[in-house]
Amino acid sequence: MHKLKEWNASAVAEVLEFRGEITVVVPKEQIFAVAQYLATEPALRFSLLSDITTVDNFPLEPRFEVLYHLVSIDRRDRIRLKVRLAGKDPSIASVTPVWPTANWHERESFDLFGILFPGHPDLKRILMPDDWEGFPLRKDYPTEGYR
Amino acid sequence: MSTSIETPIGTQQTMVLNMGPQHPSTHGVLRVMLELDGETVVKAESVIGYLHTGIEKSLESKTYSQGITLTDRVDYLAPLSNNLGYCLAVEKILGIEVPKRAQYIRVLLAELTRCASHLVWLGTHAIDLGAMTVFLYSFREREEILKIFEYLSGQRMMTSYFRIGGLALEPPSDWLERVQRVVDYLPAHIDEYETLLTKNKIWLARTVGVGNLSANDAIAWGCTGPLLRASGVAYDVRKAFPYSSYDEFDFNVQTQTAGDCYARYQVRVAEIRESLKIVKQAMARIPADGPFRAEIPGIIPPSREEMKASIEGLIYHFKIFTEGFTPPVGEVYQAIESPRGELGYFIRSDGSHKPYRVKMRTPSFVNLQILPELAIGRLISDVVACIGTTDIVLGEVDR
């Protein structure tokens, strides 16, 4: 996290810590550069993308938070990146070129929350049927569904 | 459901074959679209979502304690594993300490669950490839482990035996004798399965060199668990980020280097033996008496005697069971090593008695992504071996 600041101070908007876990808030435009840096920098080597999670903060703005959980296997280190997205047309660059595993994680975020990932090879629904309307995990979608 | 395989029938040399969602070898409701040139797979695409029940959404409308029963159903072959991950995540948010006795019992049960899960994997993988005897034997062994779970919690599979702060119930006084019986006879049976499979020419022909996965590919595709360890990367969450006193136990991370189905078989069988080692150590460490659950008024419900004897106990009991406890605002990610890989629970709390967001990072969902990498260029029969070797559970994939 310090190295990240050294490399590009504008990439680190905020650093949060809770229960021993570090979260770095990254501005939306910087996420791809930050991802590449964290994955390839020899001193950091966050080679494993463990998870991409989305949280819906409706009705607060910015509405969506996309969280990337990274693991450095040989350094035994974890870090979380957080990107805040506005509720209207949420979209963020896909990190599949850096970590191919992001493919299905991003499809899931698209399917359940409606976040778009420009640069994703094949963005389509993954868990819900293809003709489903609506994004089920959003807070304004009822738990029982619409039928 | 639309896929990227849309070859019109009759115009090309290749044929599109649909495997599943109802198929004995897909280990659940998995649909794999295969484009075949003769018997060789040209393209493969997994279509999932047939078992999606919206568990993450349901967890947002239940209190933290009520959510434990939902987590059992995610990876239904290793339910105690899921319980452990969820309870650890909630305990992390709360910042509470679990008594050592409960931690050791949790370790013991988690390792027994790993044995049970690997036995199911071994049996089903073997029967997919034609070795039917192993299936019957491994399920017979698993019965004994399920009987232990039933003795402790009343349930064979969906135990929900762990609670926030420890265990649900005091274990019966002689349960360790039953565990000892399993520990005593299981290694000999594992040796028996190895005589049936490990040097069997047919088994070798069907698994050696099939589904090769290099270490770099495995990491790039996010694979964890035996998939990653069979390609030579010694990443085990129990060693890398120890939880629940795992750092006090002495065990080895099993790896192989070949990265094919046979290597994954070797890793999983070795892990069963390693788990029994941990179970023996845990049995020696569990103190004979002590609390099985933390005692924190306001968060952990008081015991029945206390609830009936004191007014504070009654009030706490009432508040906790009607409304639920409220953790501080924050978010945590707690990962454990489930039999399939890294199982992570991300919980965001907004200070109310229901979680704001629970995300389950399930290993099967991530591991299933590499199926095209493993299967393309190989024969249809190898696809069955590749699906089996990823050890997926569709409840985990779809949630």
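Keep in mind that this is a model prediction, so the values were computed, not measured.

Give a detailed account of the overall build of chain B, specifying residues and quantitative values.
Of regular secondary structure, chain B possesses 17 helices and eight strands. The globule rule puts the C-alpha radius of gyration for 399 residues at 21 Å, and the 22 Å found for chain B is close to it. Dimensions along the principal axes, computed over C-alpha positions, put chain B at roughly 80 × 45 × 35 Å. Taking all 399 residues of chain B together, 51% fall into the buried category. Counting only contacts in chain B whose residues sit at least 6 apart along the sequence, the fraction spanning at least 24 positions is 68%.

Can you explain the environment of B:Glu306? Please cite residues and give values.
Relative to the helices and strands, B:Glu306 resides in helix α12 (residues 304-309). Taking the C-alpha atoms as reference points, B:Glu306 and B:Asn200, separated by 106 residues in sequence, lie 60 Å from one another.

Break down the packing of helix α5 (residues 132-153) of chain B against helix α6 (residues 175-197) of chain B for me, citing the residues and quoting the values.
Residue and element names in this part refer to chain B. At a minimum axis separation of 11 Å, α5 and α6 run at an interaxial angle of 170 degrees. One finds that α5 runs roughly antiparallel with respect to α6. Crossing of α5 against α6: the hand is left-handed. From α5, Thr133, Val134, Tyr137, Ser138, Glu141, Glu144, Ile145, Ile148, Tyr151 and Leu152 reach across to α6, where they touch Trp175, Arg178, Val179, Val182, Leu186, His189, Tyr193, Leu196 and Leu197. In terms of residue class, the contact of α5 with α6 is made up of 13 nonpolar, three polar and three charged.

Break down the pairing of strand β6 (residues 330-338) of chain B for me, with residues and values.
Residues and elements named next belong to chain B. When you tally the buried positions in β6, you get nine out of nine residues, the bulk of the element. Here β6 shows two buried faces, one formed by Gly330, Val332, Gln334, Ile336 and Ser338 and the other by Glu331, Tyr333, Ala335 and Glu337. Bridge count between β6 and strand β7 (residues 341-349): nine bridges; the pairing is antiparallel. When the bridges of β7 are listed, Gln334 appears paired with Tyr345. In sequence, β6 turns back onto β7 through a hairpin of two residues.

Break down the interface of chain B and chain A for me, with residues and values.
Taken together, the contact pairs 37 residues of chain B with 28 residues of chain A. Classifying every residue of the side of chain B that touches chain A gives 15 nonpolar, 12 polar and 10 charged.

How would you explain the sheet that holds strand β2 (residues 21-25) of chain A if you had to name every residue and give the values?
All names here are of chain A. Sheet architecture is open: five strands sit in the order β1-β2-β5-β4-β3, paired in mixed fashion. In this open sheet, the two strands that pair with only one neighbour each are β1 (14-18) and β3 (48-56). Mean inter-strand twist for the sheet, computed between neighbouring axes without regard to direction, equals 25 degrees. Note that β2 and strand β5 (residues 77-85) share three bridges and pair parallel. Paired with Val24 across the bridge in β5 is Leu81. Each of β3 and β4 (64-72) is contacted by helix α3 (residues 102-113), which is oriented at about 10 degrees to β3, the strand it contacts most.

Tell me about the packing of helix α4 (residues 100-128) of chain B against helix α16 (residues 380-389) of chain B, and please be specific about residues and values.
All names here are of chain B. Where α4 meets α16, the axes come as close as 9 Å, and the angle between the chain directions of the two elements is 175 degrees. Overall, the two elements α4 and α16 adopt an arrangement that is roughly antiparallel. In this structure, α4 contributes Thr124, His125 and Asp128 to the contact, and α16 contributes Val384, Gly388 and Thr389. For the contact of α4 with α16, the residue count by class is one nonpolar, four polar and one charged.

Account for the pairing of β5(A), naming residues and giving values.
Residues and elements named next belong to chain A. In terms of strand pairing, β4 meets β5 through nine bridges, oriented antiparallel. Within β5, the position partnered with Phe64 by the bridge is Leu85. Following β4, the chain reverses through four residues before pairing antiparallel with β5; Arg76 in that reversal takes a positive phi of roughly 50 degrees.

Can you tell me about the sheet that holds strand β2 (residues 31-37) of chain B, naming the residues and giving the values?
Residues and elements named next belong to chain B. With antiparallel pairing, three strands are arranged side by side in an open sheet as β1-β2-β3. Among the strands making up the open sheet, the edge pair consists of β1 (15-19) and β3 (40-47). Adjacent strand axes in the sheet meet at a mean angle of 20 degrees when their direction is disregarded. Bridge count between β2 and β3: seven bridges; the pairing is antiparallel. Each bridged residue has a counterpart across the sheet, and for Leu34 the counterpart in β3 is Ala44. On the sheet, α16 packs against β2 and β3 and is oriented at approximately 150 degrees with respect to β2.

Criteria and thresholds
- Residues numbered from 1 in each chain as written.
- Chains lettered and ligands numbered in written order.
- Predicted model: local features only at pLDDT ≥ 70, side-chain atom pairs only at ≥ 80, totals over all residues.
- Helix = DSSP H or I, 4+ residues; strand = E, 2+ residues; numbered from the N terminus.
- Rg over C-alpha atoms; globule rule 2.2 N^0.38 Å.
- Buried ≥ 20, exposed ≤ 12 C-beta atoms within 10 Å, placed from the backbone.
- Contact = placed C-beta atoms within 7 Å.
- Axes fitted to C-alpha atoms, helices over the stretch in contact; angles between N-to-C directions.
- Parallel < 35°, antiparallel > 145°, perpendicular 65-115°, else oblique.
- Left-handed = near helix turned anticlockwise from the far one by under 90°.
- Nonpolar A, V, L, I, M, F, W, Y, C, P; charged D, E, K, R; others polar.
- Pairing = 2+ DSSP bridges.

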